[in-house]
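# An overview of the molecular structure
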Amino acid sequence: MNIVVLIKMVPDTESRLEIIDGKVNESGFKYMVNPYDEFAVEQAVQFKEAVGGKVIIVSLFSNNASIDTDLRKMMAIGADEAIVLRQEGYRGDRPSSNAKILAQTIKELDADLVIGGVQGIDYYQGATGPMIAHMLGIPHVSGVTNLALNGDKITAKRQIEGGLQVIDSTMPVLITCQKDMNKVRFPALKDIMMSKRKSFENREVPLGEGNDIETIDCSLPPARGGGVIIEGETTEEKVDKLIEKLKTEAKVL
Amino acid sequence: MSRYEGVDFYNIEKHLTEEEIMVRDLVRDWVDEKVIPIIEDYYTKGTFPMELISEIGEMGLFGCNLEGYECAGLSNVAYGLVCQELERGDSAIRSCVSVQGSLSMYPIHAFGTEEQKQKYLPGMAQGKLIGCFGLTEPDHGSDPGGMETKAVDDGDSYVLNGAKMWITNGTVADLAIVWAKLEGKIRGFIVEKSDSGFSAPEMKGKHSLRASITSELVFQDCKIPKDRVLPEVQGLKGPLSCLTQARYGITWGSIGAAMGCFHSSVDYSKSRIMFKKPIASFQLVQNKLAWMLREITKGQLLAYHLGRAKDSGEATPEMVSLGKMNNVDVAIQIARMARDIHGANGILNEYPIMRHMANLESVYTYEGTHDIHNLILGRWITGIQAFE
Ligand SMILES: Cc1cc2nc3c(=O)[nH]c(=O)nc-3n(C[C@H](O)[C@H](O)[C@H](O)COP(=O)(O)OP(=O)(O)OC[C@H]3O[C@@H](n4cnc5c(N)ncnc54)[C@H](O)[C@@H]3O)c2cc1C
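Quantities reported herein were computed from a predicted structural model and do not represent experimental measurements.

### Some thoughts on the site of the ligand
Residue and element names in this part refer to chain B. For the ligand, the set of nearby residues contains 17 residues, the closest of which are Thr136, Ser142, Trp166, Thr168 and Thr369. Here Phe133 contributes a backbone N or O atom positioned 2.9 Å from a nitrogen atom of the ligand. Considered on its own, the ligand offers 980 Å² of accessible surface; in the complex 67% of this is hidden by protein. Assessed atom by atom at 2 Å from the grid points, the ligand resides in the second largest pocket. Of all elements in the fold, only strand 3 (157-168), helix 9 (353-365) and helix 10 (370-382) reach the threshold of two or more residues within the shell around the ligand. A per-class count over the shell around the ligand returns eight nonpolar, seven polar and two charged.

Written out as structure tokens, the structure reads:
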């Protein structure tokens, strides 16, 4: 079974967010593997262990090499190869052109399963996976909470409001993983040592063009105003004032 | 508390290999997920979290700087980073790994027969067999050469008599590396849990390293087969060479505990408001934080340099003594300072501070007390030994 895992590198959650002229200042960012994508790696490796095959990581990112070690960690978990598409001027908020470039690469990999996270925790668009499926002309199931091989089919479960949906699909198929789909393993030291012998290929790719959305402004949430302390001589007086405010100002009563 | 990202003011990471970084991060994440959430509980109960042993074994941390026999064969720097991260969790976890790898696997690896290595090392690397190291006796701590435990050759076996004390992992160990005098010479023996005449009662009542098991080893006409002696070493240099390995790990581990205290202190001082300001805005508190960072950075550089020297075979036991002595000394002072910064909260088990502080009191004493290391350095400087 050939499995392609999509990994997006996203700003580390401890990075300080700063907006300059309506744009996110990414200069001081550290990056990490999108947490949802880690579930995809773990699932892919479990399938490989069960039925054999190969797990190939595909990631689109800038030329910033600081991410390499974190990708290598995914190979310690059990992925066999990494292909990193290096794009000058890469941005994480252009799902359509990013999907186009990723789909071109994936097309050549003869995948039975393409798997990634349900969304990137940078822009939360949740669009790249479904778009790639569309471009590859294969079915897709998104936000999967449990995935099982079932002969030449795959069975996906989705937790939806108030219930569980079970979906069967032929392969090839594209799956996006919901949080806590599985427990990502701690690799052994020998897996870490082995990971450095695995193929890690960097490929230059051009900037994708056209037909994409454009982010025109970003801003931080407004600073929260201070609370109001209701003064009064007695508790009754304070409660009366509070009820008055709830009626006239908050208009909730 | 904010997520722990390590302390690396001088960007030592730049000098680490990718593999070393991955090993450090693995253990860091594991400690965050598996040790820190449970350790206060075990500390309070005074027991060791045994369920962690198999996980440590599966990751391959036991004896990870040894070659062959299912050991990972990592660099000494990688091994040091493992100790650093484990001890940020708790000194007990690092102690367990030190005792297993440096004090029990190492002597078999360095001084054992091929059969002994085959028999014990793979199981120990996987955490399926636990080892302990019996050197200290009730009446011989800093002066192990005066040990009274004796082995006698009775023809087809050795018979051991005597007692060891303060033995980490003793009660749960499957095998003990026991140092005893045979015809007046110190030799190493492998005693197995089921050997007749051997018992390992646990010592109770510790206020330090409470999440570690500490035991007595008692030998009453304990008979062991002849092939359980470590053939390749005689005299005090046997146990001392093991101690050099473990002391090296402590050089890194103690700084890990200090990093945990520093991290908590920075967080706490920024959020604790007193006189209408975060206490981090007062000069006296900043001075303390700056001192902590300064000593951690020096200790880190020392550990890193020592590690590279060990990898290239240039590290001497005296260099290791200086590392152990300095880094435990500053770690304990950092822990006390952190206790002060945390105010009354510093004594609570909601914060790791008091636990680290109490643990480090043991670390200050075991593996050669602080002053014994001063004497080792004094002998190196002057050529005069001042032990006796
Ligand atoms: C929690 C814990 C776990 C341990 N685990 C192990 C283990 O697994 N295996 C093992 O074999 N041992 C272990 N030990 C024992 C430890 O190594 C000894 O406690 C240590 O060597 C000190 O010996 P002592 O306690 O007898 O102190 P002593 O030797 O009695 O020392 C008491 C004081 O006298 C000072 N002193 C002694 N001699 C001199 C001198 N010549 N000049 C100046 N000052 C001197 C010391 O520095 C110290 O301050 C452990 C100890 C503890 C606390």
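### A short note on the interface of chain B and chain A
Chain B puts 22 residues into the contact, and the matching count from chain A is 18 residues. With both chains or domains summed, chain B and chain A bury close to 1700 Å², and 62% of this area falls on carbon and sulfur atoms. Seen at the junction of chain B and chain A, the total is six salt bridges. Close ionic contact of Glu18 of chain B with Arg72 of chain A constitutes a salt bridge, the shortest N to O distance being 3.3 Å.

### Quick word on the packing of helix 1 (residues 18-45) of chain B against helix 9 of chain B
Residue and element names in this part refer to chain B. Interhelical geometry of helix 1 versus helix 9 gives an angle of 55 degrees and a closest axis separation of 11 Å. On the basis of their axis angle, the class for helix 1 and helix 9 is oblique. Between helix 1 and helix 9 the crossing geometry is left-handed. Contact with helix 1, carried on its side by Ile39, Glu40 and Tyr43, involves Arg355, Ala358 and Asn359 of helix 9 and no other residues of that element. Of the residues that constitute the contact of helix 1 with helix 9, the class distribution is three nonpolar, one polar and two charged.

### Regarding helix 4 (residues 91-111) of chain B
Structural remark: α-helix, 3.6 residues per turn; residues separated by three or four positions point the same way. Residue and element names in this part refer to chain B. Roughly 40 degrees is the biggest bend found in helix 4, and it falls at Met105, with proline Pro107 one to four residues downstream. By the criterion of burial, helix 4 is predominantly enclosed, with 19 of the 21 residues buried. You can read the cap of helix 4 off the contacts: a side-chain oxygen lies 2.8 Å from the backbone nitrogen of Ala92, and it is on Asp90.

### Observations regarding the nonpolar core
If you look at the biggest cluster of nonpolar residues, it comprises 121 residues, and the most contacted ones within it are Leu86, Ile108, Leu160, Trp179 and Leu217 of chain B. Here this core gets 13 residues from one element, more than from any other, and that element is helix 6 (residues 237-271) of chain B. The contacts of Ile108 of chain B, once residues within four sequence positions are left out, are Gln116, Lys117, Tyr120, Leu121, Met124, Leu175, Ile177, Ile190 and Leu230 of chain B. Core analysis: the next-biggest nonpolar cluster, separate from the first, contains 58 residues, Phe47, Val55, Ile57 and Ile106 of chain A among them.

### Brief notes about empty space enclosed by the protein
Enumeration over the complete set of coordinates arrives at two cavities of 30 Å³ or more. Lining the largest cavity are 29 residues, with Lys8, Asp37, Gly120, Thr128 and Gly129 of chain A sitting closest to its centre. Elements with a minimum of two residues in the lining of the largest cavity: strand 6 (54-61), helix 3 (95-107), strand 8 (113-117) and helix 4 (128-136) of chain A. The residue makeup of the lining of the largest cavity, split by class, is twelve nonpolar, 13 polar and four charged. Quantified by volume, the second largest cavity comes out at close to 30 Å³. Lining the second largest cavity are Phe48, Met50, Ile53, Cys96, Ile130, Asn169, Val172 and Ile213 of chain B. The class makeup of the residues in the lining of the second largest cavity is seven nonpolar, one polar and no charged.

### Some thoughts on the sheet that holds strand 11 (residues 153-160) of chain A
Residue and element names in this part refer to chain A. In space, the three strands of this open sheet follow the order 10-11-12, with antiparallel pairing throughout. If you trace the sheet from one side to the other, it starts and ends with strand 10 (146-150) and strand 12 (163-170), each paired once. Here the average twist between neighbouring strands, direction ignored, is 20 degrees. Inspection of the sheet shows strand 11 paired to strand 12 by eight bridges, in the antiparallel sense. What sits directly across from Ala156, in strand 12, is Ile167. In the packing of helix 1 (residues 35-51) onto the sheet, contacts are made with strand 10 and strand 11, and the angle to strand 10 comes to roughly 25 degrees.

### Comments concerning the sheet that holds strand 9 (residues 140-144) of chain A
By way of backbone hydrogen bonds, the strands of a sheet pair with one another, either parallel or antiparallel. Residue and element names in this part refer to chain A. The seven strands lie next to each other as 9-13-8-1-6-7-14, forming an open sheet whose pairing is parallel. The open sheet has two free edges, formed respectively by strand 9 and strand 14 (199-205), since each of these has just one partner strand. Across the sheet, the mean angle from the axis of one strand to that of its neighbour is 20 degrees, orientation sign disregarded. Contacts between helix 1 and the sheet are confined to strand 1 (2-6), strand 6, strand 8 and strand 13 (173-177), with strand 8 contributing the most and set at about 150 degrees to the helix. Where helix 4 meets the sheet, its contacts fall on strand 1, strand 8, strand 9 and strand 13, and the angle it forms with strand 13 comes to roughly 180 degrees.

Conventions we followed
- Residues numbered from 1 in each chain as written.
- Chains lettered and ligands numbered in written order.
- Predicted model: local features only at pLDDT ≥ 70, side-chain atom pairs only at ≥ 80, totals over all residues.
- Heavy atoms only, no water.
- Near = heavy atom within 4 Å.
- Polar contact = N/O pair within 3.5 Å; in protein donor to acceptor, adjacent residues only side chain to side chain.
- Areas by Shrake-Rupley, 256 points an atom, 1.4 Å probe, with all protein chains shown as cover.
- 1 Å grid on protein atoms, 1.4 Å probe; cavity = no way out; pocket = protein on both sides within 12 Å on 5 of 7 lines; lining within 4 Å.
- Sits in = over half its atoms within 2 Å of the grid points.
- Helix = DSSP H or I, 4+ residues; strand = E, 2+ residues; numbered from the N terminus.
- Nonpolar A, V, L, I, M, F, W, Y, C, P; charged D, E, K, R; others polar.
- Contact = heavy atoms within 4.5 Å.
- Buried area = accessible area lost by both parts, 1.4 Å probe.
- Salt bridge = Lys/Arg side-chain N within 4 Å of Asp/Glu carboxyl O.
- Axes fitted to C-alpha atoms, helices over the stretch in contact; angles between N-to-C directions.
- Parallel < 35°, antiparallel > 145°, perpendicular 65-115°, else oblique.
- Left-handed = near helix turned anticlockwise from the far one by under 90°.
- Bend = angle between axes of the 7 residues up to and from the residue.
- Buried < 20%, exposed > 50% of the residue type's maximum accessible area, 1.4 Å probe, protein only.
- Core = buried A, V, L, I, M, F, W, Y, C linked by side-chain atoms within 4.5 Å.
- Points joined across faces, edges and corners; volume = space filled by probe spheres on them.
- Pairing = 2+ DSSP bridges.

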